[in-house]
Structures are given as C-alpha cells and as structure tokens.
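# Coordinate inspection notes
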Amino acid sequence: MSGPIIVWFRRDLRLADNPALAAAAAAGAVIPLFLCGGEVAALGGASRWWPHHSLAALEESLAARGSRLLLRRGSAAEVLPGLARETSAAAVYWNRTYLPAQDAADGAIAAALKGAGVGSRRYGTGLLHAPETLRTRNGRPFQVFTPFWNALRQQLLEPPAGAPARLPAPPAWPRGETLAEWGLRPEKPDWADGLRESWSPGEASAQARLASFLDEGLAAYGEGRDFPAGAGSSRLSPHLAWGELSPRQAWQAAAGSAGAEPFLRELAWREFSYHLLHHFPFLPERPLRGEFAAFPWRDDPASLAAWQRGRTGYPLVDAGMRQLWRTGWMHNRARMVAASFLVKHLLLPWQAGESWFRDTLVDADPACNAANWQWVAGCGADAAPFFRIFNPVLQGEKFDPGGRYVRRWLPELASLPDKFVHRPWEAPPEVLAQAGVRLGDTYPHPLVDHAAARQRALAAFAEMRQERCQSLAGDGGEGPYVE
Ligand code: FAD
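Before going into details, it helps to say that this report is about the structure given with it. Every value quoted in this text rests on a predicted model; they were computed, and no experiment measured them.

About the cut-offs
Residues numbered from 1 in each chain as written. Predicted model: local features only at pLDDT ≥ 70, side-chain atom pairs only at ≥ 80, totals over all residues. Heavy atoms only, no water. 1 Å grid on protein atoms, 1.4 Å probe; cavity = no way out; pocket = protein on both sides within 12 Å on 5 of 7 lines; lining within 4 Å. Points joined across faces, edges and corners; volume = space filled by probe spheres on them. Helix = DSSP H or I, 4+ residues; strand = E, 2+ residues; numbered from the N terminus. Buried < 20%, exposed > 50% of the residue type's maximum accessible area, 1.4 Å probe, protein only. Arc of directions from axis to C-beta. Contact = heavy atoms within 4.5 Å. Pairing = 2+ DSSP bridges. Axes fitted to C-alpha atoms, helices over the stretch in contact; angles between N-to-C directions. Nonpolar A, V, L, I, M, F, W, Y, C, P; charged D, E, K, R; others polar. Near = heavy atom within 4 Å. Polar contact = N/O pair within 3.5 Å; in protein donor to acceptor, adjacent residues only side chain to side chain. Areas by Shrake-Rupley, 256 points an atom, 1.4 Å probe, with all protein chains shown as cover. Sits in = over half its atoms within 2 Å of the grid points. Salt bridge = Lys/Arg side-chain N within 4 Å of Asp/Glu carboxyl O. Phe/Tyr/Trp six-rings, centres within 6.5 Å; stacked < 30°, edge-to-face > 60°. Lys NZ or Arg CZ within 6 Å of the ring centre and 35° of its normal.

## Comments concerning empty space enclosed by the protein
Counted according to the given criterion, the structure contains one cavity of 30 Å³ or more. Of the pockets and cavities examined, the largest cavity occupies roughly 180 Å³. In this structure, the largest cavity is lined by 20 residues; those nearest its centre are Arg11, Arg96, Thr97, Gly126 and Arg270. Looking at the lining of the largest cavity, the elements with two or more residues in it are α11 (237-241) and α13 (260-279).

## Looking at helix α6 (residues 145-154)
Every buried residue belonging to α6 is among Phe145, Phe148, Trp149, Ala151 and Leu152, and all of these are buried. Angularly, the buried residues of α6 cover 165° about the axis, an arc narrow enough to put them on a single face. Residues of α6 that are buried make contact with α12 (247-254) and α13.

## Observations concerning the sheet that holds strand β4 (residues 91-95)
The five strands are arranged β3-β2-β1-β4-β5 in an open sheet whose pairing can be described as parallel. In this open sheet, the two edge strands, each paired with only one partner strand, are β3 (70-73) and β5 (119-123). On average, each strand axis in the sheet is inclined to that of its neighbour by 25°, with strand direction left out of account. Here five bridges tie strand β1 (residues 5-9) to strand β2 (residues 30-36), and the two strands are oriented parallel to one another. Paired with Ile5 across the two strands is Val30, which belongs to β2.

## Here's the deal with the layout of surface pockets
The volume enclosed by the largest pocket comes to roughly 1,100 Å³. Lining the largest pocket are 40 residues, with Glu266, Trp269, Asn332, Arg335 and Asn372 positioned closest to its centre. Secondary-structure elements contributing two or more residues to the lining of the largest pocket are α11, α13, α16 (332-345) and α18 (366-377). The greatest single-element share of the lining of the largest pocket, amounting to nine residues, is contributed by α13. Taken together, the residues of the lining of the largest pocket break down into 22 nonpolar, eight polar and 10 charged. Computed from the structure, the second largest pocket encloses a volume of approximately 800 Å³. For the second largest pocket, the lining is made up of 36 residues, of which Glu39, Leu43, Leu99, Gln102 and Pro366 are closest to its centre. Among the secondary structure elements, those contributing two or more residues to the lining of the second largest pocket are β1, β2, α2 (38-41), α4 (76-87), α5 (100-115), α17 (350-360) and α18. No other element matches α5, which puts six residues into the lining of the second largest pocket. Classifying every residue of the lining of the second largest pocket gives 20 nonpolar, eight polar and eight charged.

## What about the site of the ligand?
Lining the immediate surroundings of the ligand are 28 residues, of which Tyr221, Ser233, Ser234, Arg235 and Asn332 lie closest. Trp329 has a polar side-chain atom sitting 3.5 Å from an oxygen atom of the ligand. Its free accessible area being 820 Å², the ligand has 97% of it covered by the protein chains. Of the pockets mapped on this structure, the ligand occupies the largest pocket. Residue assignment for the shell around the ligand shows that the elements contributing at least two residues are α11, α13, α16 and α18.

## Some thoughts on the environment of Arg48
Relative to the helices and strands, Arg48 resides in helix α3 (residues 45-63). If we skip the residues at most four places from it in the chain, Arg48 touches Val40, Ala41, Leu43 and Leu184.

## A closer look at the pattern of salt bridges
Once their charged atoms are close, side chains differing in charge can pair, the charge on each being opposite to the other. Inspection of every chain in the model, using the stated rule, returns 21 salt bridges. A salt bridge links Arg96 to Asp103, with the nearest nitrogen and oxygen atoms 2.8 Å apart. In terms of burial, Arg96 and Asp103 fall into one category: buried. In this structure, Glu397 and Arg423 form a salt bridge, with 2.9 Å as the shortest nitrogen-oxygen distance. Here Glu397 is found in helix α19 (residues 392-399), whereas its partner Arg423 is found in the loop between α21 (418-421) and α22 (429-435), with 26 residues between them in sequence. Taking relative accessible area as the criterion, Glu397 reaches 30% and is therefore assigned partly exposed. A network of salt bridges, in which partner residues are shared, links Arg96, Asp103 and Glu132.

## A short note on the side chain of Arg248
Within the secondary structure, Arg248 is located in helix α12. The contact partners of Arg248, leaving out residues within four places of it in the chain, are Asp17, Leu128, Leu157, Glu158, Pro159 and Pro160.

## Here's the deal with the packing of aromatic side chains
On inspection of all chains with the given rule, the structure shows 31 aromatic pairs. Measuring from ring centre to ring centre gives 5.7 Å for Phe145 and Phe272, while their planes differ by 70°; the resulting arrangement is edge-to-face. With Phe145 in helix α6 and Phe272 in helix α13, the pair connects residues that are 127 residues apart, well separated along the chain. Across the pair, exposure class does not vary: Phe145 and Phe272 are buried alike. Ring geometry for Phe292 against Phe386: centres 6.2 Å apart, planes inclined by 50°, an arrangement best described as tilted. In this pair, Phe292 is assigned in the loop between α13 and α14 (301-308) and Phe386 in the loop between α18 and α19, connecting sequence segments 94 residues apart. According to the relative accessible area criterion, Phe292 is buried, its value standing at 4%. Clustering of aromatic rings is evident, with ring pairs tying together Phe142, Phe145, Phe148, Trp149, Trp251, Trp269 and Phe272. The residue whose ring lies beneath Arg408 is Trp409, and the NZ or CZ to ring-centre distance is 3.9 Å.

This is the structure in structure tokens:
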C-alpha cells in the first residue's frame, strides 16, 4: 500500500490488543484519528468527562511512539472521505463497536469510502466474540443466560495481542483540533471533583487496575462482589466501556486463577447484553417482552427527582444514588436495588432510570445499561420476575450489615446505631436525636411505604396481564398470556 492508513478510534482507546491499529502499523504509516461527532455529543455528562481524559492519555502514549492523535469534529461520513483525500490515505481501518446503529452506519461509510476510491477494513475487538457468531441449536438468538454462557465458553478465544512496536508517521500531519476546544469537561460549574478522586482514565490505568484486581481482588471476588462497602468487584467497567482494556485481555489475565469463574461469568453478562442488543436493537427503548408495553407506569416528576438525588428515605437506595452522583459509578448490588425501587416501588418507567444512568455513569454502555434495566424491570431476557420485589431494608441489612456503605454516602445517618441504619423511621425519637437525625429535615421520610408499594406494584402487574389477556382475546383468541 502506498499512502498512510487512517485508524479511526472509537470505543477502543488503547494501543494493545487493537487489531485495526496493529494491521495499519504492519502496513506502513498510520494516522490515528478520533472524531467528535454526534455520538460524542449525545453522551451524558459523566460519559463525556471520561473520554476527555482517556483521549489525553492516548495522545500521550501515541506521542511516546512518535505518533499523534488527530482530532476532528464531524461525523465519519463527512470527515473520512475528505481526510483520506487530503492525506492521500490508502485506506481507513477501524474496530466495530457492535452497536447496531453504528454497525449499520459503518457499512454506509465503507461504501462512501469505496466510492471515493479509498479502501476500508473493519476488525473486531470490543467483545470476546462477535454477537452474531453465537446462536442456539435452532439458529436463534439466545434469550437465556446459562445456555449463552455454556456456548460462549466453548468458543476458542484468540490470545490478546500486544501494542505495535512501531507506529510509522505519515509524511505530513494534517491539521487537527485540540481536546480543550471540544469542551468535554464540565467548566462552570465544575462538578467533576468526585470523578477525579475516584478514577484515572487511560490504558495504563486500566492495566494497573486489572493487575491490582488480579493480585488483591480476584480470589475473594465470588464472596466479596456483592457487598457494596468493600472493594470486592474489579471496577473495570468504565475502562471496558471505553475500550482502554479489551474483554479478551481481562478474560485471559483472569482465566485459570483461583476464583476466576464468577468474574468470567460477569464478563459473559456483558457479552450477553451485546448479543441482545445486536438481535433486538430496540432494547434501549422498548421492552423485550411485548406485554410490558401495556404496563401502567406512573408519571411523577417529584418522585423521579427524589430518586435521582438520593432522597427516597430508603438508605441503601439513597446511598447508591449518591455514590453515582458523586463518583459516576455505583456498585452492582446498589444498582439492582435502586433500579428495582424506581420501577417497582415508584412505578416509574425503566426508561427514565436508563436515561438517568446514561447521563451519570462513567461506564454508561448502551448494551449493558439497557439489558440490565430490562432485567430489573422484569421485561428483559432471562429477567428477574416482576413480582419478585426487593425489600430495600432487608437488602441493606444483608449486603451492608452494619451500614458501612450507607454511612459513607449518607453522612447524615452516620451516627445511627446499626439496628436502625437501614430503617431510620423505626428509631425511637431519643435515638434519632442522639444521632442528630431529624426525619423530614436532615433525612427524608420514606417516599412510599414498602408493603403498600409492593401491593401497588403487584396490582399494576395484574392489570397489565389482564389487559394482555383482553387484547389477545380481541385479536382473535391466541389464548391468554401465559408466563
Ligand atoms: P465486576 O463485578 O468486576 O464485573 C466485571 C465486568 O463484567 C464489569 O466491569 C462489566 O464490564 C461486566 N459486568 C458485570 N456485571 C454485569 C452485568 N450485570 N451486565 C453486563 N455486564 C456486567 N454495566 C456497565 O458496564 N454499563 C452500564 O451502563 C451498566 N448499567 C447497569 C444498569 C443497571 C440497572 C444494573 C443493575 C447494572 C448495570 N451494569 C452496567 C452492570 C454492572 O452493574 C456493572 O457492570 C458493574 O457494577 C461494574 O462494576 P465492576 O467493573 O466492578 O464489575
């Protein structure tokens, strides 16, 4: 090949185990490129903060190899053909994101490049296996996790590759923009303190996090991962979401070690989420189980706002929501309980929660977020049945005994005795006074009563099923909806 190859980075912000970059480097000069287009503009605040720092880290590691990261504003369809002409590029290489809309757009971009006489190649790296490669014995998409997991484990996994030794520069660098010009970081007000304290984006940090998790966390992961106060889970999710670490690197590093199995299973849940999104691209918007389209959700902006700001009066829910607000991340157990509370206790649509998480999580991931919200709401694949309703008090007492997590994120409850830390409304007045808690003032009364909310949720579920039966009968009698 004669001209340089443009490598278009997206959610693969790393040099190692990056097949598009490796193939380009093997062929000749490379122009690494990141585009600030519609997808970046549509990201939530916390998800924009992350790539600012991750791209800065990528710029540094490219510079250390004598290369650069070219930053351009605009969509790929607008920028790539022109840039290829401007740099006399021989081809554009990129890795698939496995997001259905982008997969479809990628085909059109490849065609536009071809029309302009520029070749293109697409590689896979963001998943262990491309979502279309796994199928049930009947050739259908999986909708149950365990058979998916069994099929996934039987696939051969290629070992991850290292970073290219050399990244030859093009004869001339085209003009680019700067990260500062893109304004991905919040300025006024700068709310990112908690993000800065909690995270260090970039490939080197992702590798360091993986190494410390393997040394200190993996062996105890199976028991520790469910307790939000501890450091029991890997906290690799934002690094995986931005491709600073490939799932193959995480899998290979953990496989074979003591305690690896439950961790590999979680990586497989990520794969399962992408598998679902690939086969059901409406996953972020519509329930996978169609009968939930008739669910009688409520419209209650005040309760939604209380949930968003961690002011529901249920300590485990509120602690999770405040951890999210401050750090851009929430422990998985708290995510499940907080999400369940929104959907089942408040009867607010899961899409409202999905959207808030998308805006506030640093690991916001279109596939994992949507699949998990649907799972919690009972309308997704292999989902928790709707009628199984988490009791946030018992969840707190089981997974945060002693209330260390709650005390950390709700300092106003820090002095309550263990017995009341997950149920402050049951504490006698003198105990509240001694702990400095004034319910309704320093900490809210419960937004809803658990038992009443549970009854209301079950009634709403029954109403949905009733409506489903009637509509099926009206449709010509396919028979009643059976679970
Ligand atoms: P670990 O327990 O160390 O797991 C290792 C990796 O496995 C994670 O980094 C993640 O990539 C993957 N993983 C773990 N659990 C799941 C899961 N349930 N589904 C899919 N992948 C999983 N995860 C996201 O990455 N992005 C999201 O936007 C997201 N939204 C969620 C929304 C809800 C309502 C719920 C209940 C869960 C959501 N999750 C999401 C899944 C899970 O909570 C996070 O992946 C996990 O908490 C990240 O922490 P960790 O890296 O320490 O996980």
